[in-house]
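Overview (structure and organization)
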Amino acid sequence: MQNSKFTFESISNWLKIALAKELNCEPQLVSINKSFPSFGLNSVVVVTISVDLEKWIGYELEPSIFYEFSSIEELTNWLLNDFLPSQAF
């Protein structure tokens, strides 16, 4: 069953905070529409954020999701609308 803590705002805010931590900046400086490649993330950062995200949502994810979806907004929509509902079974 999907936990009610997973909303567009909760997921996108979590991702903004995680990216800001890795980029050493304030979360409000991380736009949900900015492309992941434009942040200059290396593979270590991508894996770190993926593992932390897995722990937070409680489901295994592939680090490649940061390459499959172009922004926080797209990744959040996929998690909320496609991935999490499919885990309810």
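Below is a summary of the structure that appears in this document. Because the structure is predicted, anything quoted here is derived from the model rather than measured. Starting from 1, residues in each chain are numbered consecutively following that chain's sequence as written. Local features in a predicted model are, by the rule used here, given only for residues with pLDDT of at least 70; side-chain atom pairs are given and counted only at 80 or more, and totals for whole chains, interfaces and linings are based on all residues. The side-chain numbers reported here are obtained from all heavy atoms of the structure, hydrogens and water having been left aside.

It is at 9 Å that the axes of helix H1 (residues 8–23) and helix H4 (residues 72–86) come closest, and there the two elements cross at 135 degrees. Judged by the angle between their axes, H1 and H4 are oblique. The element H1 and its partner H4 pack so that their crossing is right-handed. Taking contact as the criterion, the partners of Phe8, Ile11, Ser12, Leu15, Lys16 and Leu19 in H1 are, on H4, Ile72, Glu73, Leu75, Thr76, Asn77, Leu79, Leu80 and Leu84. Any residue outside Ala, Val, Leu, Ile, Met, Phe, Trp, Tyr, Cys, Pro, Asp, Glu, Lys and Arg is labelled polar, Gly included; the first ten of those are nonpolar and the last four are charged. Among the residues forming the contact of H1 with H4, the class breakdown is nine nonpolar, three polar and two charged. To get an axis, a line is fitted to the C-alpha atoms, and for a helix only the part in contact is used. The angle between two axes follows their N-to-C directions and goes from 0 to 180 degrees. Think of it this way: any DSSP run of H or I at least four residues long counts as a helix, any run of E at least two long counts as a strand, and we number them from the N terminus. Our angle categories are set so that under 35 degrees counts as roughly parallel, over 145 as roughly antiparallel, 65 to 115 as roughly perpendicular, and the remainder as oblique. Left-handed is the label given to a crossing in which the near helix is rotated counterclockwise from the far helix by less than a right angle, and right-handed is the label when the rotation is clockwise. Contacts are assigned to residue pairs with any non-hydrogen atoms lying within 4.5 Å of each other.

With that settled, consider H1. Given 3.6 residues per helical turn, the α-helix brings residues three or four places apart onto the same face. Multiply 1.5 Å by the residue count of a helix minus one, and that product is the helix's expected span. A rise of 1.5 Å per residue sets the reference length of H1, with its 16 residues, at 22 Å; its end C-alpha atoms lie 22 Å apart and thus fit the reference within 8%. Per-residue accessibility, obtained with a 1.4 Å probe over protein chains only, is compared with the maximum for each type, and a residue is labelled buried under 20%, exposed over 50%, and partly exposed between these values. Regarding H1, the residues found buried are Ile11, Ser12, Trp14, Leu15, Lys16, Ala18, Leu19 and Ala20. Asn24, located one to two residues past H1, shows a positive phi value of around 55 degrees.

Our next topic: the packing of aromatic side chains. Between 30 and 60 degrees the pair is tilted, below 30 it is stacked and above 60 it is edge-to-face, where a pair is any two Phe, Tyr or Trp rings, Trp via its six-membered ring, whose centres lie within 6.5 Å. By the definition in use, this model includes six aromatic pairs. Ring centres of Trp14 and Trp56 lie 5.6 Å apart, and the angle between their planes is 15 degrees; this geometry places the pair in the stacked category. Here the residue Trp14 occupies a position in helix H1, and Trp56 occupies one in helix H2 (residues 43–57), the gap between them amounting to 42 residues. Judged by its relative accessible area of 17%, Trp14 falls in the buried class. Among the aromatic residues, those joined into a cluster by ring pairs are Tyr59, Phe69, Trp78 and Phe83.

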